[in-house]
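# Notes for the structure review
As a plain string of letters, each chain reads:
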Amino acid sequence: MAIATLIAAGRLDDRLIDRALGLLREVDPGAVFAHWIDEGDAADLNFAGDIKTARWALASLDGVDVVVQPNEPRWRRLFVADMDSTIIGQECIDELADYAGLKDKVARITERAMQGELDFPSALRERVRLLAGLDQSELARCLDERVHLTAGARTLVQTMRAGGASCLLVSGGFLSFAEPVARKVGFDRVRANRLIFAGGKLSGEVGDPIVDALAKRDALIEAREELGLGREDVLSVGDGANDKLMIEEAGLGLAFRGKPALVEVADAELKHHGLDALLWVQGVRRRDWFRG
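A few points on the structure. (Residues numbered from 1 in each chain as written. Predicted model: local features only at pLDDT ≥ 70, side-chain atom pairs only at ≥ 80, totals over all residues. Heavy atoms only, no water.)

### Re helix H2 (residues 51–58)
Along H2, the positions that sit buried rather than exposed are Ala54, Ala57 and Leu58. Projected down its long axis, H2 shows its buried positions confined to an angular sector of 90°, all on one face. Away from its buried face, by an angle of more than 90 degrees, H2 presents the exposed residues Lys52 and Trp56. The inward-facing, buried residues of H2 contact strand E1 (2–7), helix H1 (14–24), strand E3 (42–47) and strand E4 (65–70). At the N-terminal end of H2, a side-chain oxygen is found 3.3 Å from the backbone nitrogen of Lys52, two or three residues along, and the residue is Asp50. (Buried < 20%, exposed > 50% of the residue type's maximum accessible area, 1.4 Å probe, protein only. Helix = DSSP H or I, 4+ residues; strand = E, 2+ residues; numbered from the N terminus. Arc of directions from axis to C-beta. Contact = heavy atoms within 4.5 Å. Polar contact = N/O pair within 3.5 Å; in protein donor to acceptor, adjacent residues only side chain to side chain.)

Here is the structure:
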């Protein structure tokens, strides 16, 4: 058996559920409503059949986030997330470039890299070279003024940690941002790139090794093996092409408002809700979400 979770917070009604069941019964005539996770917000449907075909069948539901997965395991024991435009709503290097008057130029390179049009390590080094000479104090200012958590990020991570899961923040961005974000959200592991400073200013260089798509996947595998988990125990989320290998390696890999290159390989896309919707994906009722 498999599960299709429908998420439409505040507007999931019998009409939407019946429409979803009609679509799903093209895959399995025996598909049935299983139960509400939270009435009006999220519900599970049960079916037998090919999961990819079911995902395709349900893709036409407007305004509904749909996640189709095997019925076990429901709760994941390792969560691996990208940072920029996922756990936070910004691309840190673009915001930092604004303090040097170079945001538009840097952002264009960032967008092409996230679409998969540029080699990530080369694009990263090119952007960091443009920021050479920027005072180190501007990073703290940027973090304070520009960096904001995505809705639901802290609730998701804290609830997973409370349930015994380990949470890894892995970023093609910089430790100068990733470490404080990880502390604020509640991640117990973090991996990101290291900026090099000289005389209190950015040197324009990035320390080796670069955290690129391969390094992100390797960090996931390393954490998974250290914890003695299987692939099916891992939930991962990201937004760009640099997250493809990581998303493919996870038992359940999701794109969060993702670029087409990532959506193409992800198991599902979260388009309409905050990151805390991933708790519904794991069958957790709202009353059990972390509220600290």
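Resuming the write-up.
### Topic: unusual backbone geometry
The omega angle of the peptide bond from Glu72 to Pro73 is -5°, so this bond is cis rather than trans. Along the chain, the position of Pro73 falls in the loop between E4 and strand E5 (78–81). Cis geometry marks the peptide bond from Asp208 to Pro209, where omega comes out at -5°. As for its placement among the helices and strands, Pro209 is situated in the loop between strand E9 (201–206) and helix H10 (213–226). For Arg257, which is not glycine, the phi torsion reads 45° and is therefore positive. By secondary structure assignment, the location of Arg257 is in the loop between strand E11 (252–256) and helix H12 (260–263). Its relative accessible area of 45% is what places Arg257 among the partly exposed residues.

### What to know about the sheet that holds strand E2 (residues 32–38)
In space, the 4 strands of this open sheet follow the order E2-E3-E1-E4, with antiparallel pairing throughout. In the strand order of this sheet, the two ends are held by E2 and E4, each with one partner. If you compare each strand with its neighbour and ignore which way they point, the axes differ by 20° on average. Pairing between E1 and E3: 6 bridges, direction antiparallel. Residue pairing across strands places Ala4 opposite Leu45, the latter belonging to E3. The strands touched by H1 within the sheet are E1, E2 and E3, with E3 carrying the most contacts at an inclination of about 25°. (Pairing = 2+ DSSP bridges. Axes fitted to C-alpha atoms, helices over the stretch in contact; angles between N-to-C directions.)

### Digging into the packing of aromatic side chains
Enumeration according to the criterion identifies 3 aromatic pairs in this entry. Aromatic pair Phe33 and Trp36: ring centres 5.9 Å apart, planes at 70°, arrangement edge-to-face. Ring centres of Trp280 and Trp289 lie 5.0 Å apart, and the angle between their planes is 55°; this geometry places the pair in the tilted category. Here Trp289 falls in the buried class, since its relative accessible area comes to 4%. (Phe/Tyr/Trp six-rings, centres within 6.5 Å; stacked < 30°, edge-to-face > 60°.)

### Here we look at a negative patch on the surface
On the surface, Asp13, Asp14, Asp18 and Glu39 cluster together to form a negatively charged patch. Here Asp18 shows up in helix H1. (Patch = residues over 30% accessible without salt bridge, like charges linked within 9 Å, V, L, I, M, F, W, Y side chains within 5 Å. Areas by Shrake-Rupley, 256 points an atom, 1.4 Å probe, with all protein chains shown as cover. Salt bridge = Lys/Arg side-chain N within 4 Å of Asp/Glu carboxyl O. Lys, Arg positive; Asp, Glu negative; His and termini not counted. Charge placed at Lys NZ, Arg CZ, Asp CG, Glu CD.)

### Quick look at the packing of H1 against H2
Orientation of H1 relative to H2, taken along the N-to-C sense of each, is 135°, at an axis distance of 9 Å. Looking at the two axes, H1 sits oblique to H2. Helix-helix and strand crossings are classified by hand; for H1 and H2 the assignment is right-handed. Across the interface between the two elements, Ala20, Leu23 and Leu24 from H1 touch Ala54, Ala57 and Leu58 from H2. Residue classes in the contact of H1 with H2 are distributed as 6 nonpolar, no polar and no charged. (Parallel < 35°, antiparallel > 145°, perpendicular 65-115°, else oblique. Left-handed = near helix turned anticlockwise from the far one by under 90°. Nonpolar A, V, L, I, M, F, W, Y, C, P; charged D, E, K, R; others polar.)

### Some thoughts on the sheet that holds strand E10 (residues 234–238)
Within the open sheet, the 6 strands sit side by side as E7-E6-E5-E10-E11-E12. Their pairing is parallel. Whereas interior strands pair on both sides, the edge strands pair on one side only; in this sheet they are strand E7 (189–193) and strand E12 (268–270). Neighbour-to-neighbour, the strand axes of the sheet open up by a mean angle of 20°, direction not taken into account. Bridging between E11 and E12 involves 3 bridges; their strand directions are parallel. What sits directly across from Ala255, in E12, is Glu269. This element, helix H9 (residues 175–185), spans strand E6 (166–174) and E7 of the sheet and lies at about 155° to E6. The sheet strands contacting H10 are E5, E6, E7 and E10, and the helix crosses E6 at an angle near 160°.

### Re the environment of Gly173
If you trace the backbone, Gly173 turns up in strand E6. Taking the C-alpha atoms as reference, Gly173 lies 7.7 Å from Met83; in sequence the two are 90 residues apart. Setting aside residues no more than four positions away along its own chain, Gly173 makes contact with Asp84, Ala192 and Asn193.

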